[in-house]
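# Coordinates in review
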Amino acid sequence: MPITSDCHLHSSFSGDSNTPMEEMILQGIANGLDTMCFTEHNDFAYPDGPDESGDIFLLQVDSYLYHLARLKDQYADQIRILFGVELGLQPEAARQNAIFAKSHEFDFIIGSSHICHGKDPYYPSFFQNRPKEEALREYFESILENISKFSNFDVYGHLDYAVRYAPGQDAEYTYQKYSDIIDEILKLLLSKDKGVELNTGGIKRGMHDLHPCTDILKRYRELGGEIITIGSDSHNAKEIGAHFHRAATVLETCGFRYYCVFEKRTPEFHKL
C-alpha cells in the first residue's frame, strides 16, 4: 500500500464514535499502517441537534491525551501514534479555537467546516426549500469566511463536506459550478501556507469521488499546492485506511508525488 499513514481518525473520545482507541490501533497495525493520527472532534458553538446536545463535540482533551500517550508507548515498536484534533471552524468560535489550539502540543490540527451559519449540512433541513446549488454555494462561502477569521490549523479538512449530504450527493456536482469561490478558498489557503486533506470518507456514504473532488485537487496542484494529507475519517476500526489505493492513484493523476504527515505541526513528505 503506497499510503501507510491515516491522518483523520475518530475514536470514542469524539462525540460521534463509540470505538475504543486501542481497537483502532490494533486494526491499523493489522492493515500495515506505520502511522495513525487521531483527530478527535472539537466543535465550539455546535448547535443542539434533534436528539442530542451540541456539547457532545466538546473534547475532553486531558483524558484523550492521557489515553493516547499510554497507547503510544505501549505500541511504539509497532506503529507511530500522533496527537491531533479536528477543529470545527465558525467565525463566532475563532477566539475559542485560537486558545484551544495553543492549549496543548498537538502534532496536527485539521480545520473543518461542519456548521454553516448555524446549520450542519448533515441534516436535510440545510438543503430544504431551495436549490441544491444555492445551499452548496453558501457552504463554500462560509469556508472562505472561516479561513479569513482563523489560521492556526495545518490542513483544511474534507473541503466539500456538504456534498456528502446533499440531495443526489455528487451525481451532478462539479468543481466548475463553484470554481470562482473554490479558487478563492484555495488561493487563501496557499497564501497562509496551509494544506488540504484528501478524505476518503465520502465513499462509504455512496459518493463517487473523494473529498475534495478530483478536479479541486487538480486545481490545488495547478496553483502550486503541495501539502496534502490522507485520512479515512474513520469512526470505527473496519474503515481505517479505506480506499487508500484509490487515493494514491488520484493523487498521482493530479500531479502529486508526495503526501504529508504532520508531527509537532511540521510536515513530513512521503513518496507515493
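Residues numbered from 1 in each chain as written. Predicted model: local features only at pLDDT ≥ 70, side-chain atom pairs only at ≥ 80, totals over all residues. Heavy atoms only, no water.

This paragraph deals with the overall build of the protein. On a plain count of helices and strands, the protein comes out with seven helices and nine strands. For the protein, the C-alpha radius of gyration of 17 Å lies close to 19 Å, the compact-globule estimate for 272 residues. Along the three orthogonal principal directions, the C-alpha set of the protein runs to about 50 × 40 × 35 Å. The buried share of the protein, taken over its 272 residues, is 56%. Taking as baseline every contact in the protein between residues at least 6 positions apart, the subset at least 24 positions apart corresponds to 75%. Here the protein holds 26 positive side-chain charges and 42 negative ones, and the gap between their average locations is 5 Å. (Helix = DSSP H or I, 4+ residues; strand = E, 2+ residues; numbered from the N terminus. Rg over C-alpha atoms; globule rule 2.2 N^0.38 Å. Buried < 20%, exposed > 50% of the residue type's maximum accessible area, 1.4 Å probe, protein only. Contact = heavy atoms within 4.5 Å. Lys, Arg positive; Asp, Glu negative; His and termini not counted. Charge placed at Lys NZ, Arg CZ, Asp CG, Glu CD.)

So, about the layout of surface pockets. Estimated volume of the largest pocket: approximately 470 Å³. The wall of the largest pocket is formed by 27 residues, among which Asp-16, Tyr-46, Phe-57, Asp-120 and Tyr-122 lie closest to the centre. A class-by-class count of the residues in the lining of the largest pocket yields nine nonpolar, eight polar and 10 charged. Each pocket or cavity is described by its volume, and for the second largest pocket that value is around 220 Å³. Around the second largest pocket, the lining residues are Leu-65, Leu-68, Ala-69, Lys-72, Phe-83, His-104, Glu-105, Phe-106, Asp-107, Glu-263, Lys-264 and Arg-265. Top element by residues in the lining of the second largest pocket is helix 2 (residues 61-74). It accounts for four residues. (1 Å grid on protein atoms, 1.4 Å probe; cavity = no way out; pocket = protein on both sides within 12 Å on 5 of 7 lines; lining within 4 Å. Points joined across faces, edges and corners; volume = space filled by probe spheres on them. Nonpolar A, V, L, I, M, F, W, Y, C, P; charged D, E, K, R; others polar.)

With respect to the element layout, Thr-214 can be found in helix 6 (residues 214-222). Residue class for Thr-214 comes out buried when judged on its relative accessible area of 17%. Not counting the four nearest positions on each side in its chain, Thr-214 is found in contact with Asp-209, Val-250 and Cys-254.

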